[in-house]
Structure formats: structure tokens, C-alpha cells
Amino acid sequence: MKLKIAIQKSGRLHDDSVKLLKDCGIDVKNGMNKLKTESDNFPLEIYFLRDDDIPQYVEDAVADIGIVGENVVFEKQKKVTEVEQLGFGKCRLSVAVSRNEQYTGVEYLQGKRIATSYPVILEDFLKARGVTAEIHEISGSVEIAPGIGLADAIVDLVSSGSTLFMNGLKEVDTVLKSQAVLIRNNELAPEKLAILEKLLFRIRSVKKAKNNKYVLLNAPNDRLQEIIGLLPGMKSPTVLPLAESGWSSVHSVLSENEFWDIIEKLKDAGAQGILVVPIEKMIV
Ligand code: PRT
Ligand code: ZN
């Protein structure tokens, strides 16, 4: 029994999706020009598809699971379950208007023409805020719509913002924050669920490792307790005596979020020779 996963054939999510599987220790034979490939060392069959089609294929059980942007999942409204956010492909679905416009709030959109490739999400957004507008669905190059007089505003995906900038637009509101997610068919057989659990365990270990750093530092013994107090660690930090008397080596794990804050405090507390090392996998 193999689990069938659908990932993007080419585009923004392809490389990170393949990398995630490889980081999970799953061999993926190169299949760029093929519809599918499989792994030699994990019961997984990999299908390469257009991102827009992935929710439908997962609903229909052509694929058991899939990796796709949350924006696509919400827009397509297929009967699938989101299992895990994957931390890549981050972007936002935003409202943008011409740089010269004064956007006062969502009521600005009342009665306006809005171009988007996300009519379903946009309609929900407007409805929830009691705004009525004319939604023009276009499938690509949404950012040129205001310039050619097709729309007063657009709702489109943004990451760096440079596309908006180059088209004389500014981002004024956020409709949705999105990232790549793992979705699954709602009625997986128990054997397939068991493979999915194995995969999820690996994905979570890889994600945790990415969000954490292994930190080694030298601490003067007279301030050791203070320094240990600053470190959360997985349980408690490892403390080893250094050859030089009066000093100890302290090893611990820090999360990316608290990293800079704690490093500053450690330095202030007299820590020296601080080394920060990436973690490959983290099993807790
Ligand atoms: O061929 P296929 O249909 O599979 O791919 P696609 O062309 O429809 O999708 P693709 O590869 O462009 O994007 C796949 C997914 O990546 C999206 O569904 C999002 O979940 C995610 N993602 C993350 C983005 C962006 N960032 C992004 N910036 N998708 C699109 N963009 C586009 C945006 O539409 C705009 O045109 O990039 C432009 C803006 O980028 P900035 O950096 O200039 O702001
Ligand atoms: Zn697409």
C-alpha cells in the first residue's frame, strides 16, 4: 500500500515541496517531466500537478494528500481536510489600489469594481463586512487591471510587494494570510492514515528543527545559574566543565522567535564564545 501525494508540477511551491520530502528522508526520483514518480524508501507515490487542480484531486481520492497554498484551498472549497501548515510559500491576499487613491477602510470598496483571481474568498470577505462591490474574475496579470481601466481595485497575492509597486499600486488591506499546507482526503483507509501519521511525524520534526537552533556557549561559573535561567532548552541545558577552571560549557536549544532577545541577555550575563548551529531533525 502506498500513499499518493500531489505536489505542484512547477511554480513557486514545487522546489520547497520536494525539499520538504527530502528533508523527511524520503528519496524523490527526479520527475520534472513526468506525471508521477515514487520513493524507494518510503511508501509514497508523488504526482506532479497544477496547484489549482490539487484540492479536486484530493477530494476525488486521485491523490490521498496534497501540498498546496491555503489560498487555493479556501478558494476551491473542496471537501478536504487541512492537516498541517508547512511554513513555506508564505504570502498574503491583499487589496491594492492606485498609489494616488485615499483608502479609508473597507467601505472604500462599496460599489467599486474589483479584479481578482479569488472571487470566492473576496465575496466572503466583502459579505462579512457588509460591502457590495462588482467582482471581476481574471485569471492572471491582475495587477494591470486598474491601469487599463478595468477595475478600481484589485485583490491579489503579494509577497515582496514589488509587483504592486511596479504597477503604480499600493497594498491597503489584507484579506487572508496564506502559506503552503498539507491537505488530505476525508476518507482515508486506516493503512493510508498510518502512512500519513509516519509522514506527519517526520514533517513536524523537520519543522521543529528549522525553528530551533542549537546553542553552545562558555559561562563563568559564578554566573552559571543566571545564564541557565535564561535558557529554555528541551528539558534543561547540558552543563560540562571546561578545561579552564572557573568556566563551564553550556549547550541548549533556542527557538528562532526568542533567539536574538536571549542571545543579547546571555552576552550581558557574561556568556562568551557563543556558537549557534542549525539542527537537522528534532524529535521531542
Ligand atoms: O502552474 P500552476 O497553476 O501550478 O501555478 P500558478 O502559476 O497558479 O501558481 P504559482 O506557482 O505562482 O504560486 C503557487 C502558490 O505560491 C500560490 O497559490 C501561493 O500559495 C504561493 N505564493 C507565495 C504566491 C506568491 N507567494 C506570490 N507572490 N503565489 C503568487 N505570487 C504572485 C502574485 O500573484 C503576484 O503576481 O507573485 C506576484 C507578487 O509577488 P511580489 O513578490 O512582487 O509581491
Ligand atoms: Zn495555478
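What counts and what doesn't
- Along each chain, the written sequence defines residue order, and numbers are assigned to residues from 1.
- Each chain takes a letter, starting from A, and each ligand takes a number, starting from 1, following the order in which they are written.
- Whole-chain, interface and lining totals are the exception, using all residues; otherwise, since this is a predicted model, local features are given only for residues with pLDDT of at least 70 and side-chain atom pairs are given and counted only at 80 or more.
- Each side-chain value is worked out from all heavy atoms of the structure, with water and hydrogens disregarded.
- Aromatic rings from Phe, Tyr and Trp, with only the six-membered ring used for Trp, were paired whenever their centres fell within 6.5 Å, and each pair was classed as stacked if the ring planes differed by under 30 degrees, edge-to-face if by over 60, and tilted otherwise.
- Buried means the residue's accessible area, taken with a 1.4 Å probe over protein chains only, is under 20% of the maximum for its type, while exposed means over 50%, and partly exposed covers the values in between.
- Definition used: whenever NZ (Lys) or CZ (Arg) falls within 6 Å of the ring centre and also within 35 degrees of the ring normal, the charge is taken to sit over that ring.
- We treat two strands as partners when DSSP finds at least two bridges between them.
- Numbered from the N terminus, helices here are DSSP runs of H or I no shorter than four residues, and strands are runs of E no shorter than two.
- Only the contacting stretch of a helix is used when fitting its axis, a line to C-alpha atoms as for every element, and angles between N-to-C directions run 0 to 180 degrees.
- In this document the domain limits rely on a domain assignment from an automatic tool or a database.
- Any two residues whose heavy atoms approach within 4.5 Å are treated as being in contact.
- By buried area we mean the combined loss of accessible area, with a 1.4 Å probe, across both parts when two parts are placed together.

1. A word on the packing of aromatic side chains
Okay, step 1: All told, the structure shown has two aromatic pairs when counted by the stated rule.
Okay, step 2: With 5.3 Å between their ring centres and 50° between their planes, Tyr103 and Tyr108 make a pair best called tilted.
Okay, step 3: According to the relative accessible area criterion, Tyr108 is buried, its value standing at 10%.
Okay, step 4: Ring geometry for Phe259 and Trp260: centres 4.9 Å apart, planes at 80°, overall edge-to-face.
Okay, step 5: Residue Trp260 is classed as exposed on the basis of its relative accessible area of 63%.
Okay, step 6: The lysine or arginine in question, Arg99, covers the ring of Phe165, its NZ or CZ lying 4.9 Å from the ring centre.
Okay, step 7: We note Lys112 situated over the ring of Tyr108; from NZ or CZ to the ring centre the distance is 4.1 Å.

2. Considerations on the sheet that holds strand β14 (residues 247-255)
Okay, step 1: Strand order in the open sheet formed by four strands is β13-β14-β12-β15, and the pairing between neighbours is antiparallel. In this open sheet, the two edge strands, each paired with only one partner strand, are β13 (238-241) and β15 (272-278). Ignoring which end each strand starts from, the neighbouring axes of this sheet average 20° apart.
Okay, step 2: The pairing of β13 with β14 spans four bridges and is antiparallel. Each residue of the ladder has a partner; that of Thr238, found in β14, is His251.

3. Quick word on the domain arrangement of the protein chain
Okay, step 1: Taken as a whole, the protein chain is organised into domain 1 (3-88 + 179-209), domain 2 (91-178) and domain 3 (212-278).
Okay, step 2: Look at where the C-alpha atoms of domain 1 and domain 2 centre, and you get two points 30 Å apart.
Okay, step 3: Contacts between the two partners involve nine residues from domain 1, matched on the other side by 11 residues from domain 2.
Okay, step 4: Between domain 1 and domain 2, roughly 730 Å² of surface is buried when both sides are summed, and carbon and sulfur atoms account for 52% of that area.
Okay, step 5: Contact with domain 2 buries surface across domain 1, with Asn71, Phe74 and Glu75 losing the most and accounting together for 70% of the total.

4. A few points about the environment of Val276
Okay, step 1: The topology assignment puts Val276 in strand β15.
Okay, step 2: A relative accessible area of 37% means that Val276 is categorised as partly exposed.
Okay, step 3: Separated by 266 residues in the primary sequence, Val276 and Ser10 place their C-alpha atoms 34 Å from one another.
Okay, step 4: In contact with Val276, other than residues within four places in its own chain, are Lys213, Tyr214 and Phe259.

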